[in-house]
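What follows is each chain in one-letter form.
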Number of protein chains: 2
Amino acid sequence: MAASQPLYSQLYDVLAERIRSGDWEEGKQLPSEKALVAEFGTSRGPVRQALAKLRTEGLVVGGRGAPPRVQRAVRSQSFDTFISFTEWVEELGRTPGAKVIELTQRLADERLARDLDIAVESPVVAVVRLRLVDGEPVMFERSVYVIDAGRHLLRVDLEAESIYQTLRNQGIFPTRAHNVIDAVGAGEIEARWLEVKPGSPLLRVRRTTLDQHGTVLDIADNRYLPNKANFAVDNSTLNPTPLTRIAVDDAGSGG
Amino acid sequence: MAASQPLYSQLYDVLAERIRSGDWEEGKQLPSEKALVAEFGTSRGPVRQALAKLRTEGLVVGGRGAPPRVQRAVRSQSFDTFISFTEWVEELGRTPGAKVIELTQRLADERLARDLDIAVESPVVAVVRLRLVDGEPVMFERSVYVIDAGRHLLRVDLEAESIYQTLRNQGIFPTRAHNVIDAVGAGEIEARWLEVKPGSPLLRVRRTTLDQHGTVLDIADNRYLPNKANFAVDNSTLNPTPLTRIAVDDAGSGG
């Protein structure tokens, strides 16, 4: 504790650290004000102020009468874990898998050229994979890479290797991404692979990924079984919401 | 320009300001290095460094040979606009609307009591509304308010008034929220109101909103027509992603 801080703020730091460290788990009832007064040997005022700050910061929730409890804190996710299915699943302690359905080198049509910011008829590499968790289908992935990145993908086993790890090994670093999240009915192809009926609701994430030079690396259209993945975000009046809700009159249903 | 900054950094500030101010619009081609050298009377080095920083920061994208262009910047959204359908639609310059389908005061069952952090059989106010944009159905909203907030909703015209604006007028300030975004098939009821077939894909946002004291104010289940709304998020290796992808083996399909 820094002696120059007000007492309540020092108390806040100690309690917040117990929550952040996991020493106090989510859902745990906090000790009563009386118990905290006894533990820290302070008066009731600073304890109350510290608890109020924990509430405002969202680390503690509750109590109409009932003692306050440790609040579920949605952690933010690292960029690499967010964009890589393999790294995400491994972090969850599960086993990621992939089945390569199609791997093609072809020439960009106008739309693809625009999306990838390359010239029309530039070569690209398209990858279609079914992604698995513990052997079960979870996501249907369609991505298209610029040739500088894609050429490396033709040489590796895309059922065993993470694409982004492969690219990093080649000095190509996915660095930024723009993601659009919505819902879409399953098309015939992904319906078969995901083992659902055509038209079934899927959670779709369309992403443009840029490398360390700000150059577009790939575009992807990933469709998740909705009971296998979702997205959580916390927001507050203190911080602008990092997620933007966009109205689109005809967002289209993708391909 | 602050004279103590390195030259390239001063240049960066000037160019970034042109982009942020909208003076240079999205998609605009940047002047050539040569033109920038001429405009600022510097050598080529600082211009190149400034351009490199604009790319890293995501304000500029491109150029395999082609001149770099101003990049679409996803703005973050204010908390109020994010959680309020009315305020969101008004910001878009469209006309929000609501049809009240059900408004009920009842007693919380166990599950609702847990979600709202209140005692079982506490009174709550449940609101079911169809939300419209320019008179067309866009979202089906189910929300349940604790009685301290809900009592105010019984007295106002929920087809004309924003619920959150009504609550703010009563000194109740929605301050934080936890949001989970996924996809779900339309149930019979919302299918009829949204004019789609049962089972059609909808974009679902489930939200818990807390007031300025950190107390739960309401829980909501909002289902959007997927071609009418989506969510965009930008992320990078420099910043942790504020959105967490969660794997759930049985997230359920909601009610």
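Our subject is the structure listed above.
Think of each chain on its own: its residues are numbered from 1, step by step along the sequence as written. Both sets of labels track the order of writing: A upward for chains, 1 upward for ligands. Per-residue local features of the predicted model are confined to residues with pLDDT of at least 70, and side-chain atom pairs are confined, for both listing and counting, to 80 or more; whole-chain, interface and lining totals are unaffected and use all residues. The basis for every side-chain value is the complete set of heavy atoms in the structure, and neither hydrogens nor water enter the calculation.

A. The arrangement of the packing of aromatic side chains in detail. Two rings from Phe, Tyr or Trp (for Trp, the six-membered ring) form a pair when their centres sit within 6.5 Å of each other. Planes less than 30 degrees apart are called stacked, planes more than 60 degrees apart edge-to-face, and all others tilted. By the definition in use, this model includes eight aromatic pairs over all chains. Each ring, one from Phe82(B) and one from Phe231(B), has its centre 5.9 Å from the other, and the planes form 55°; the classification is tilted. Separated by 149 residues along the polypeptide, Phe82(B) in helix 4 (residues 79-83) and Phe231(B) in strand 9 (residues 229-236) bring together distant segments of the chain. Residue burial is assigned from relative accessible area. The probe radius is 1.4 Å, only protein chains are included, and a residue is buried under 20% of its type maximum, exposed over 50%, and partly exposed in between. The exposure class assigned to Phe82(B) is buried, which follows from its relative accessible area of 1%. Residue classification places Phe231(B) among the buried residues on the basis of a relative accessible area of 2%. Centroid distance Trp88(B) to Tyr224(B): 6.3 Å. Interplanar angle 85°. Geometry classified as edge-to-face. Of this pair, Trp88(B) sits in helix 5 (residues 85-91) while Tyr224(B) sits in strand 8 (residues 216-224); the two residues are 136 residues apart in sequence, bridging distant segments of the chain. Grouping aromatic residues by their ring pairs yields a cluster made of Phe82(A), Phe85(A), Trp88(A), Tyr224(A) and Phe231(A). Numbering of helices and strands runs from the N terminus, with a helix taken as a DSSP run of H or I at least four residues long and a strand as a DSSP run of E at least two residues long.

B. Broad picture of unusual backbone geometry. Residues and elements named next belong to chain B. Its identity is not glycine, yet Asp117 carries a phi of approximately 60°, on the positive side. Looking at the element boundaries, Asp117 is found in the loop between helix 6 (110-116) and strand 4 (123-133). In the Ramachandran plot, Glu195 falls in the positive-phi region, its phi being about 65° despite a non-glycine side chain. The topology assignment puts Glu195 in the loop between helix 9 (188-194) and strand 7 (201-210). Residue Glu195 is classed as exposed on the basis of its relative accessible area of 61%.

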